[in-house]
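Take a look at the letters that make up each chain.
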Amino acid sequence: KKTKQANKVARKKLKKAANHLKSGDKEGFYQELSKGLWGYISDKLLIPVAELTSDKVRQELIENGAEEENTNRLLEILETCEFARYAPAGNESEREDIFKSAVEVISKLENNLKNIRKAR
């Protein structure tokens, strides 16, 4: 059930991130975006958030049928979020691009991971 709800839960977090983006709250935006992505991965792959690392995520996603390009993009976005929370980050249009990329990568991963589960 948790894996089926992963996309829905992630979209709620991304909606919160979008609200922070609109209000100009950079820190809140990156924090919610990061939470949403890590939470999605945790729920989708059934790995506790505390055990998630970039290397483990890469390995698990690829083993579960995610395309390498989508996996790399997801990890880039997470890295950007972590960096931006502790250092001055780009302008609003860059944040909008990151947000759009995050939505797109979740959709692509959702399709990748659904297709592999159907094949099993």
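Everything numeric in this text was worked out from a predicted model, so none of it was measured. (Residues numbered from 1 in each chain as written. Predicted model: local features only at pLDDT ≥ 70, side-chain atom pairs only at ≥ 80, totals over all residues. Heavy atoms only, no water.)

A. Spatial organisation of the overall build of the protein chain. The helix and strand inventory of the protein chain stands at five helices and zero strands. Its C-alpha radius of gyration of 14 Å places the protein chain within 12% of the 14 Å reference for a compact globule of 120 residues. Along the longest, intermediate and shortest principal axes, the C-alpha atoms of the protein chain span 45 × 25 × 25 Å. The buried share of the protein chain, taken over its 120 residues, is 41%. Counting 24 positive and 20 negative side-chain charges, the protein chain places the centres of these two groups 9 Å from one another. (Helix = DSSP H or I, 4+ residues; strand = E, 2+ residues; numbered from the N terminus. Rg over C-alpha atoms; globule rule 2.2 N^0.38 Å. Buried < 20%, exposed > 50% of the residue type's maximum accessible area, 1.4 Å probe, protein only. Lys, Arg positive; Asp, Glu negative; His and termini not counted. Charge placed at Lys NZ, Arg CZ, Asp CG, Glu CD.)

B. Region of the structure containing the pattern of salt bridges. The full count for this structure, using the stated rule, is four salt bridges. One salt bridge connects Arg73 with Glu76, and the closest N-O pair in it is separated by 3.1 Å. On the criterion of helical spacing, the pair formed by Arg73 and Glu76 is a turn pair, its members being three residues apart in helix 4 (residues 68–86). (Salt bridge = Lys/Arg side-chain N within 4 Å of Asp/Glu carboxyl O.)

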